[in-house]
Amino acid sequence: KNIRIGFPSEFLWGGATSANQCEGSYNVGGRGIGHIDLLPQGETRWSIMQGYLDSFEPKENLHYPSRHGIEFYKHYKEDISLLSEMGFKVFRMSISWSRIYPTGEEDTPNEEGLQFYENVFKECHKHGIEPLVTMTHYDIPLELVKKYNGWEGRKTLHCFKKYVSTIVKRYKGLVKYWLTFNEINCVTALPYTAAGVVLDKSKNRDTQIYTAVHHELVASAWAVKYVHESDFESKVGCMLAAGVSYPYRCAPEDIWLAYTTDRNKYFFSDVMSYGKYPNYKLREFGQMGFEIPFLENDEEVLKDNTVDFISFSYYSSHIVCADTDIIAEKAEGNVFPTLRNPYLKEKETAWKWQIDAQGLRTTLNMFYDRYHKPLFIVENGVGGIDNLDNGKVHDEYHEHYLREHIKAMKEAIVLDGVDLMGYTPWGCIDLVSASTGQMKKRYGFIYVDVDDNGNGTYKRYKKDSFYWYKKVIESNGEVL
Ligand code: BG6
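Below you will find a few notes about this structure. What you see is a predicted model, and the numbers here were worked out from it, not measured in a lab.

1. A look at the site of the ligand
Link 1 in the chain: As a matter of local geometry, the ligand sits amid 14 residues, with Glu183, Glu379, Ser435, Lys441 and Tyr443 nearest to it.
Link 2 in the chain: Take glutamate 183: an N or O atom from its side chain is 2.6 Å from an oxygen atom of the ligand.
Link 3 in the chain: Notes on the ligand: free accessible area 370 Å², of which the protein chains cover 99%.
Link 4 in the chain: Classifying every residue of the shell around the ligand gives five nonpolar, six polar and three charged.

Structure, rendered in structure tokens:
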């Protein structure tokens, strides 16, 4: 009973995407404009993501990549069939809120939008694939941003409840695994992307952000409640941008900084998992002078509706240092800043993200020790440049990165006893990059012929890693 030699037989192998990076057809089928449709590619993208948006009007000379993505809207049958050829057991995707409620505030949902996702889920089931659905992956109807400043406004929470009760009812029996907010902790770094919050210089930044956070946490608990009430077999998870923080030195102040940096991420899953705000955050809010805007029965809803599992993205570990005089080189990474780790053996990625497969094992153990709930890795991978040559793409670097991370997962399961439900590497089919808006930063097993400006045939090609991952799934993680 205490010995395990490999991945559990019910392990959910698959891949992950999001509507805003894939779906396209932004003005088709009654869809409303999403806040993400205002994120251009190019220089201003990052500052808008951080909350500095100067106008709700798109600019003539800019390219807005989420409007076309990879046109999954038109290609979904072909795409799902390719995923099924690799043996996918699960497919992570998200619903675009503005396809269901175009402005967020309609009394009745957009039937064409509802039908689209019903078709997609049925297509998945036809191929024996279980959909894993994110309710909101960096995606809010633009009107809610204009009127209520996204999640800063309490009204957005009310609109979300209507949206979630609609989708949960409609997809009962079709969706067994739900995630509430993608990378909910990214709101502190990227308030516009993650919560549709445009920063107002006359207001306190932390107050704006933590008001939005409170609304999202309560919204997430409502979502758990709706799912559990509608279908007791379905499971709901929270979703964090994870990655263990290492101290740069063994100086106590670096240890403390690494500890508290991680705890700032855990804060979100602490609330969603334990059903209440933890003391360390309450004290911090007290010092900041921030009062949590508890209203109605928020506290009770948080308490009674905790998540069933913890999901997260993992791209790399991070390094922190308390001494700002120490000149350690900065490195790039997913969302949160980090210093370069001189001990990592792998070469960094083409976008200069560091690679640390061992850090995944540590991250898995930290989560499991803290929550004792099943875990799900719903994003992991490496974005790089691929060349299409005579219909072929040789992408050994994808295989290498994933192989090392799968080994780390196996160690966590077999040697440490971590309960891991599944693995959905990011961008299983090439899609638009969230941070840069580029297409040329490719994660997929499937190449999509689109360039950074949205030009191309949109044809799909199997990369070498497609055949490799098929074998990994076939052998349940034994042939790597
Ligand atoms: C995560 C997001 O932060 O990282 C995804 O949930 C994103 O939406 C992924 O695409 C990879 O980041 P990037 O910037 O390389 O697309």
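There's more to say after this.
2. So, the environment of methionine 288
Link 1 in the chain: On the secondary structure map, methionine 288 appears in helix α11 (residues 279-288).
Link 2 in the chain: Residue classification places methionine 288 among the partly exposed positions, given a relative accessible area of 31%.

3. Concerning the pairing of strand β4 (residues 177-181)
Link 1 in the chain: By the criterion of burial, β4 is predominantly enclosed, with five of the five residues buried.
Link 2 in the chain: Alignment of strand β3 (residues 130-136) against β4, held across four bridges, turns out to be parallel. From the neighbouring strand, leucine 132 faces β4, where its bridge partner is tyrosine 177.

4. What about the packing of helix α9 (residues 205-230) against helix α10 (residues 252-274)?
Link 1 in the chain: Remark: α9 packs on α10, axes separated minimally by 10 Å, with the N-to-C direction vectors making an angle of 35°. Crossing handedness for the pair α9 and α10: right-handed. On α10, the residues that touch Tyr210, Val213, Leu217 and Ser220 of α9 are Phe267, Phe268, Val271 and Met272.
Link 2 in the chain: Of the residues that constitute the contact of α9 with α10, the class distribution is seven nonpolar, one polar and no charged.

5. Regarding the nonpolar core
Link 1 in the chain: Judged by nonpolar contacts, the single largest core of 139 residues is most densely connected at Tyr171, Trp178 and Met409.
Link 2 in the chain: Those residues in contact with tryptophan 178 that lie beyond four places of it in its chain are Ile95, Val133, Met135, Ile167, Val168, Tyr171, Val227, Ser234, Lys235, Val236, Gly237 and Phe309.

6. Some points on the environment of threonine 17
Link 1 in the chain: Position of threonine 17 among the secondary structure elements: in the loop between β1 (12-16) and α1 (19-22).
Link 2 in the chain: By relative accessible area, threonine 17 is classed as buried at 3%.
Link 3 in the chain: Put simply, threonine 17 and glycine 444 are 427 residues apart on the chain and 10.0 Å apart in space, counted from C-alpha to C-alpha.
Link 4 in the chain: Among residues more than four places away in sequence, those in contact with threonine 17 are Cys22, Phe91, Arg92, Met93, Ser94, His137, Trp426, Cys428, Ile429 and Leu431.

7. Examining the pattern of salt bridges
Link 1 in the chain: Counted according to the given criterion, the structure contains 37 salt bridges.
Link 2 in the chain: In this structure, glutamate 396 and arginine 403 form a salt bridge, with 3.7 Å as the shortest nitrogen-oxygen distance.
Link 3 in the chain: In this structure arginine 403 comes out as buried when scored by relative accessible area, which is 17%.

8. Focus on the packing of helix α7 (residues 154-170) against α9
Link 1 in the chain: Between α7 and α9, whose axes approach to 10 Å, the crossing angle comes to 20°. The orientation of α7 relative to α9 falls into the category roughly parallel. Seen from above, α7 lies across α9 with right-handed handedness. Between α7 and α9, the contacting residues are Arg154, Leu157, Phe160, Lys161, Val164, Ser165 and Val168 on the first element and His214, His215, Val218, Ala219, Trp222, Ala223, Tyr226, Val227 and Ser230 on the second.
Link 2 in the chain: Residues of the contact of α7 with α9, tallied by class, amount to ten nonpolar, four polar and two charged.

9. Structural notes on unusual backbone geometry
Link 1 in the chain: In this structure, lysine 352 is a non-glycine residue whose phi angle is positive, near 65°.
Link 2 in the chain: Mapping lysine 352 onto the fold places it in the loop between β10 (338-339) and α13 (357-371).
Link 3 in the chain: Of the residues examined, lysine 352 reaches a relative accessible area of 46% and is grouped as partly exposed.
Link 4 in the chain: Not every positive phi belongs to a glycine, and histidine 372 is a case in point at roughly 50°.
Link 5 in the chain: Here histidine 372 lies in the loop between α13 and β11 (375-379).

10. What about the side chain of asparagine 149?
Link 1 in the chain: Inspection of the secondary structure puts asparagine 149 in the loop between α6 (142-148) and α7.
Link 2 in the chain: According to the relative accessible area criterion, asparagine 149 is buried, its value standing at 16%.
Link 3 in the chain: Separated by 2.7 Å, the side chains of asparagine 149 and glutamate 152 make a polar contact.
Link 4 in the chain: At 2.8 Å, the side chain of asparagine 149 and the backbone nitrogen of valine 198 are in polar contact.
Link 5 in the chain: Beyond its immediate sequence surroundings of up to four residues, asparagine 149 is in contact with Leu144, Ala195, Gly196, Val197, Val198 and Gln208.

Reading the values: the criteria
Residues numbered from 1 in each chain as written. Predicted model: local features only at pLDDT ≥ 70, side-chain atom pairs only at ≥ 80, totals over all residues. Heavy atoms only, no water. Near = heavy atom within 4 Å. Polar contact = N/O pair within 3.5 Å; in protein donor to acceptor, adjacent residues only side chain to side chain. Areas by Shrake-Rupley, 256 points an atom, 1.4 Å probe, with all protein chains shown as cover. Nonpolar A, V, L, I, M, F, W, Y, C, P; charged D, E, K, R; others polar. Helix = DSSP H or I, 4+ residues; strand = E, 2+ residues; numbered from the N terminus. Buried < 20%, exposed > 50% of the residue type's maximum accessible area, 1.4 Å probe, protein only. Pairing = 2+ DSSP bridges. Axes fitted to C-alpha atoms, helices over the stretch in contact; angles between N-to-C directions. Left-handed = near helix turned anticlockwise from the far one by under 90°. Contact = heavy atoms within 4.5 Å. Core = buried A, V, L, I, M, F, W, Y, C linked by side-chain atoms within 4.5 Å. Salt bridge = Lys/Arg side-chain N within 4 Å of Asp/Glu carboxyl O. Parallel < 35°, antiparallel > 145°, perpendicular 65-115°, else oblique.

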